[in-house]
Amino acid sequence: MPPSKNTKKPKSDKSGGTAFQQVQNQLKWVDLIIEVCDARAPMASRHPRSASLFGSKPRLIVLAKEDLAEHAASKNWVNALASNPNQKAISLALKTSKGKSKLIDLALSLTEAKRKQLVEKGILPRPARVCVVGVPNVGKSSLINWLVGQKRVRVGDKPGVTRGQQWVRVHPQVELLDTPGVLPADEIEKSVQLKLSLLNLVQAGTYDSEDVARQGLHILKAIYPERLKEYVSADSLEGVTLQALATKRNLLGTGGIPDIKRAASVFLGDLRSGKLGEITLERPD
Ligand SMILES: Nc1nc2c(ncn2[C@@H]2O[C@H](COP(=O)(O)OP(=O)(O)OP(=O)(O)O)[C@@H](O)[C@H]2O)c(=O)[nH]1
Ligand SMILES: [Mg+2]
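No experiment lies behind these values; they were computed from the predicted model shown.

Caption draft 1: Representation of the site of ligand 1. Among the 23 residues in the neighbourhood of ligand 1, the closest are listed as D67, L94, K140, S142 and G160. One of the backbone N or O atoms of V138 is found 3.2 Å from an oxygen atom in ligand 1. Between G156 and ligand 1, the recorded distance is 3.1 Å, taken from a backbone N or O atom to an oxygen atom. In isolation ligand 1 offers 660 Å² of accessible surface; the protein chains occlude 91% of this area.

Caption draft 2: Representation of the domain arrangement of the protein chain in the model. Assigned domains within the protein chain: domain 1 (19-182) and domain 2 (208-273). The C-alpha-based centres of domain 1 and domain 2 are spaced at 35 Å.

Caption draft 3: Focus on the coordination of the magnesium ion (ligand 2). For the magnesium ion (ligand 2), the full set of protein donor atoms is S141 (OG) and T162 (OG1), at a range of 2.0 to 2.1 Å. Residue S141 is located in helix α5 (residues 140-148), and its partner T162 is located in the loop between α5 and β5 (166-171); the two are separated by 21 residues in the primary sequence. When sorted by exposure, S141 lands in the same class as T162, which is buried.

Caption draft 4: Inspection of a positive patch on the surface at higher detail. A grouping of K151, R154, K158 and R163 is seen on the molecular surface, where their side chains present a positively charged patch. Looking at where R154 falls in the secondary structure, it is placed in the loop between α5 and β5.

Caption draft 5: Quick peek at the nonpolar core. Membership of the largest hydrophobic core comes to 63 residues, with the highest contact counts inside it found for I34 and F267. Non-local contacts of I34, meaning those with residues more than four positions away in its chain, are made with L60, V62, V130, C131, V132, V133, L143 and L176. Formed by 12 residues, the second largest nonpolar core is a distinct cluster that contains L27, L53, V133 and L177.

Caption draft 6: Region of the structure containing the pattern of salt bridges. Under the definition given, this model contains 15 salt bridges. A salt bridge links E175 to R169; the shortest N-O distance between them is 3.3 Å. For E175, a relative accessible area of 13% gives the class buried. The structure contains a network of salt bridges with shared partners spanning D31, K114 and R126.

Caption draft 7: Broad picture of the environment of L220. Assignment of secondary structure puts L220 in helix α7 (residues 209-223). When the C-alpha positions of L220 and L281 are compared, they lie 8.2 Å apart, and in sequence the two are 61 residues distant. Contacts of L220, omitting those with residues within four sequence positions, involve P225, L228, F267, L271, L276, I279 and L281.

Caption draft 8: Quick look at the sheet that holds β5. Strand order in the open sheet formed by 6 strands is β3-β2-β1-β4-β6-β5, and the pairing between neighbours is mixed. This sheet does not close on itself; its edge strands, each paired only once, are β3 (87-91) and β5. Each strand of the sheet is rotated relative to its neighbour by a mean of 25 degrees, with strand direction disregarded. In this structure, strand β1 (residues 32-38) lies alongside strand β4 (residues 128-133), joined through 4 bridges in parallel fashion. Its bridge partner lying in β4, I33 is registered against C131. Packed on one face of the sheet, helix α3 (residues 71-81) meets β2 (59-64) and β3 and runs near 170 degrees to β3.

Caption draft 9: Representation of the side chain of E66. Checked against the element boundaries, E66 lands in the loop between β2 and α3. No salt bridge is formed by the buried E66; its nearest oppositely charged neighbour, K98, is found at 6.6 Å. If sequence neighbours within four positions are ignored, E66 has contacts with A39, H71, S74, S91, L92 and A93.

Caption draft 10: Seen up close, the pairing of strand β6 (residues 174-178). With 5 of its 5 residues buried, β6 lies for the most part within the structure. Residue alternation in β6 divides its side chains into two sets, V174, L176 and D178 and E175 and L177, and both sets are buried. With 5 bridges connecting them, β4 and β6 associate as parallel partners. Within β6, the position partnered with R129 by the bridge is E175. Where β5 lies against β6, 5 bridges are found, and the strand directions are antiparallel.

Cut-off values and rules
Residues numbered from 1 in each chain as written. Chains lettered and ligands numbered in written order. Predicted model: local features only at pLDDT ≥ 70, side-chain atom pairs only at ≥ 80, totals over all residues. Heavy atoms only, no water. Near = heavy atom within 4 Å. Polar contact = N/O pair within 3.5 Å; in protein donor to acceptor, adjacent residues only side chain to side chain. Areas by Shrake-Rupley, 256 points an atom, 1.4 Å probe, with all protein chains shown as cover. Domains from an automatic or database assignment. Donors = N, O, S within 2.8 Å, 3.2 Å for Na, K, Ca; no water. Helix = DSSP H or I, 4+ residues; strand = E, 2+ residues; numbered from the N terminus. Buried < 20%, exposed > 50% of the residue type's maximum accessible area, 1.4 Å probe, protein only. Patch = residues over 30% accessible without salt bridge, like charges linked within 9 Å, V, L, I, M, F, W, Y side chains within 5 Å. Salt bridge = Lys/Arg side-chain N within 4 Å of Asp/Glu carboxyl O. Lys, Arg positive; Asp, Glu negative; His and termini not counted. Charge placed at Lys NZ, Arg CZ, Asp CG, Glu CD. Core = buried A, V, L, I, M, F, W, Y, C linked by side-chain atoms within 4.5 Å. Contact = heavy atoms within 4.5 Å. Pairing = 2+ DSSP bridges. Axes fitted to C-alpha atoms, helices over the stretch in contact; angles between N-to-C directions.

Dropping the structure here:
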């Protein structure tokens with residue numbers, strides 16, 4: 001449905017089906033798709049069928065949370081993803097105001113042909129309609145608030161905050177549609193699921209935190225060995241364990257036994273909030 005109404009619809013089901021259908025229904029009305037992903041894992045945090053879903057619609061890929069990712073890697077991703085005149089990319093740290101006018105300029109240039117077409121058809125000029133899509137908790141709603149400079153839509157640091165759709169005018173010539181995060185759980189590979197869990201992009205109850213922390217530690221040991229040793233004060237990589245973290249932080253249970261569950265939760269919190277430094281889990285080829 002075109003802008004004018006806020007449409008409150010049922011929340012996403014397990015496969016992302018209901019929310020997904022809502023988003024699909026909007027696609028025919030929109031001039032541009034803004035696909036938000038997480039700069040720390042730009043492939044894992046995109047819908048596995050995004051290429052076929054959005055077809056030939058102009059697309060702008062936003063790598064959000066750039067402040068939490070390695071800057072040079074994000075730059076490489078932006079170059080790799082801006083693959084054709086119909087698809088551009090930008091990385092953004094929404095904690096600063098840098099990049100607002102660049103984002104608007106990109107949205108205007110990607111919708112220019114459509115806006116010209118309307119004028120040629122004698123249709124009254126209207127703002128470009130832009131649908132913001134992406135998996136849960138990547139920063140879709142934050143992007144909209146950031147652009148208008150005030151809290152217009154709900155945000156929160158957990159997946160599943162946005163339940164309905166809402167149009168927001170962010171510029172005289174651009175209107176954005178906030179949508180619920182969509183994740184087709186049954187189409188996600190294990191390695192992707194792990195990265196999404198590590199970055200808090202799937203519902204907390206759907207995975208075992210201890211298991212995810214253990215596997216996350218394993219992945220990070222391979223990418224950032226020195227940081228990890230320092231993090232748990234270990235002399236060697238073999239010493240980098242949740243047990244070592246529990247001991248270092250004095251997370252002890254009855255009888256002074258290291259509390260692995262709490263250590264797992266501390267590790268995931270530190271990883272997600274940037275306390276382990278800037279992290280990029282995937283790099284372009
Ligand atoms: N550090 C950092 N945090 C961000 C950035 N963008 C968004 N966030 C945080 O990410 C969390 C999720 O933001 P939302 O905007 O609610 O995410 P969403 O994609 O709308 O999530 P759903 O509505 O659940 O699909 C919030 O805690 C934001 O503050 C960013 O660029 N940097
Ligand atoms: Mg949201």
